Amino acid sequence: MFPDSSIASKFTCSESKCAYLTTFGIAPYFKSLIVAKVKLEKDYVLLFDEAMNSQLQTKQLDIHVRFWNEGEVITRYLTSEFLGHATAEDLHERLIESCRSVSLHGIVQLSMDGPNVNRKTYDMLAADIETETDHKMINIGSCGLHQIHNAFRTASSDTGWDMEYILQSLYWLFKDTPARRDDFTKVTGSTVFPKRFCKHRWLENVTVMERALEMWSNVKAYVETVEKGQISNPRTKSYDAISKCCADELFLTKANIFISIAKELSPFLQKYQTDLPVLPSFAQDFCKMLITIMSRFLTDDTCSKLTSAAKVIKVDFSSAIIYKEMSKIDIGFVAEKLLKQLLFNKKISERDVYTIRAVTKSMLSTIVTRLVDNSPIKYAIVRNLGWLIPHNVICIPNDPCITQLKNCLKILVESKHVKDSKCDDIIRQFKDFSNESRTNPDFISFVPGTARLDTLMHSTMQKREDWVDLWGVTKKLLLLSHGQASVERGFSVNKQTMSDNMEELTIIAQRAITDHLRSIGGVQNLVMTKELLISASSVRQKYH
């Protein structure tokens, strides 16, 4: 490995020694660096999620921390906890320990996904923090990205079209069955096979459905050949489901409706599947996505009045006058074309057409209502972060930004993150900041998603003593996390680092080391500090 070093070439280390070197020496040192940085910065956001660890047969609770580091917001792995039962009380006990390990006084937000157990955990932790510190956490609900997946899943399931069962059946029909795959290839001449359906992130199944449509004519040919007795009948539930689906004249129409609606939602997910501080633009982009969906089943007059997030969340869906006529419900270009062809060829009736449009309308309505009810935009602070968007900062007149800033300050004062005596100073400082930023080319050319908002604000605001109060508010609000991207990626890291008979402490150690190496850009950038060497040399004492 190191041919140029005689010392390295003679170095040996047993498996057990390497394990306790990483577990009790290197990993604790890297964790201490994170804890020290968080304590120095004071404010932080805690993120958590749990998943099944199949190797250990326990639930693994991963905890990450989000904080400012060298002028930008970063999210780092903190630790993992391993649970049998994962009740709200269990989660609360482990999370409060992690908070205290860094500083209970510094927590700004608890970021999570949306199960009821997590909401109860949040309430318990929030009560503890309010009791033991002088402030409340800022609540923006659960992960907005999870809510989109969940809304689409619920709406799709409610249609009764059984898309999940059909796509899963298609996959398992040819999974681990060489003989069946060989029959399919001989009948169709194709070696294209289905993709696996993802149960947890339904919007990632667009490619799964597209693959199903790509091979559908071949699937029908395969089923026809089986029915003629020319090849063996699989006699499985999967085959029965696909055989039944092949007889459904409307399957292709339904599948294309599924794809059409999913593609309206996917771009938002792709844009916001990031650790960058993008919450200031979240409400604006989220509402654009919602209005696009609404325009497919609500009247043009209704949609034209939705000029703000506040108006979007106040739409009265119980009012019949806001809906389009059934014949004008937008089911998507391809689905519309297929429906007309089927009707023209008298393979379906007018009643079938009406039913398809009615179910599509219900699907669209379910998606929108669930997103409005459960997404972060129902929280005032999320709807009022637009004053941090560079394009808005330099706009003339700046009254909308001032109004949004005041609304944010009301929430921060109520949660005791800002003293009300400082608010007039903060507003005055923002006006001054806005005026000076209008000539700043970085503000003029700023493009969300390609440039970092945190580094821009840090470079322009942090060094000015006359903007110190404004910077304090900006710094705190840019910490807020809109999603769980880093935590979910961590579970993928688990799969990469896991091996047989690995114990809990070793998993945590490997995760901590992997996280540190990624944060510095690779092992080649690792600096062998005196503190690291001391930590490594003292492992025998810690191990025993």
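Just so it is clear, the model here is predicted, and its values are computed rather than measured.

(A) The arrangement of unusual backbone geometry in detail. Note that the residue after Ile396, namely Pro397, is joined by a cis bond; omega there is -5 degrees. Assignment of secondary structure puts Pro397 in the loop between α18 (390-393) and α19 (399-414). For Lys42, which is not glycine, the phi dihedral falls at a positive 75 degrees. Considering the arrangement of structural elements, one finds Lys42 in the loop between α2 (15-41) and β1 (44-53). Unlike most non-glycine residues, Asp162 shows phi in positive territory, near 55 degrees. Within the element layout of this structure, Asp162 appears in the loop between α5 (144-158) and α6 (163-173).

(B) Structural detail: the nonpolar core. Phe152, Trp387, Met457 and Leu477 are the most contacted members of the largest nonpolar core, which has 124 residues in total. No other element matches the eleven residues that helix α11 (residues 251-272) contributes to this core. Not counting the four nearest positions on each side in its chain, Trp387 is found in contact with Val393, Cys401, Gln404, Leu405, Cys408, Phe430, Leu470, Val473, Thr474 and Leu477.

(C) Geometry of helix α3 (residues 88-102). The terminal C-alpha atoms of α3, which comprises 15 residues, lie 21 Å apart, in line with the 21 Å expected from a rise of 1.5 Å per residue. Along α3, the residues classified as buried are Ala88, Leu91, His92, Leu95, Ile96, Ser98, Cys99 and Val102. Projected onto a plane normal to the axis of α3, the buried residues spread over an arc of 160 degrees and lie on a single side.

(D) Spatial organisation of the pattern of salt bridges. Under the defined criterion, the tally for this structure stands at 24 salt bridges. Here Arg94 makes a salt bridge to Glu81, at a shortest N to O gap of 3.1 Å. With Arg94 in helix α3 and Glu81 in strand β3 (residues 72-83), the pair connects residues that are 13 residues apart, well separated along the chain. Look at Arg94 and you get partly exposed, because its relative accessible area is 21%. Across the salt bridge formed by Glu210 and Lys263, the nearest N and O atoms sit 2.9 Å from each other. Of the two residues, Glu210 is situated in helix α8 (residues 206-214) and Lys263 in helix α11; the sequence distance between them amounts to 53 residues. Classification of Glu210 as partly exposed rests on a relative accessible area of 31%. Residue class for Lys263 comes out partly exposed when judged on its relative accessible area of 44%. Taken together, the salt bridges that share partners define one network made up of Glu72, Arg452 and Asp454.

Calculation rules
Position numbers for residues count from 1 along each chain, tracking the sequence in the order it is written. Totals for whole chains, interfaces and linings use all residues, but because this is a predicted model, local features are given only for residues with pLDDT of at least 70 and pairs of side-chain atoms are given and counted only at 80 or more. Excluding hydrogens and water, the side-chain values take into account all heavy atoms of the structure. Helix numbering and strand numbering both begin at the N terminus, where a helix is a DSSP run of H or I of at least 4 residues and a strand a DSSP run of E of at least 2. To qualify as a nonpolar core, a set must consist of buried Ala, Val, Leu, Ile, Met, Phe, Trp, Tyr and Cys residues joined through side-chain atoms within 4.5 Å. The buried label goes to any residue with under 20% of its type's maximum accessible area, the exposed label to any with over 50%, and the partly exposed label to all in between, with areas taken from a 1.4 Å probe on protein chains only. Note on contacts: a residue pair is in contact if any heavy atoms of the two residues lie within 4.5 Å. How far a helix is expected to stretch is found by multiplying one less than its residue total by 1.5 Å. Taken from the helix axis, the directions to the C-beta atoms give the arc we talk about. The salt bridge criterion pairs a side-chain nitrogen of Lys or Arg with a carboxyl oxygen of Asp or Glu, the two atoms within 4 Å.

Coordinates in, geometry out; function isn't part of it.
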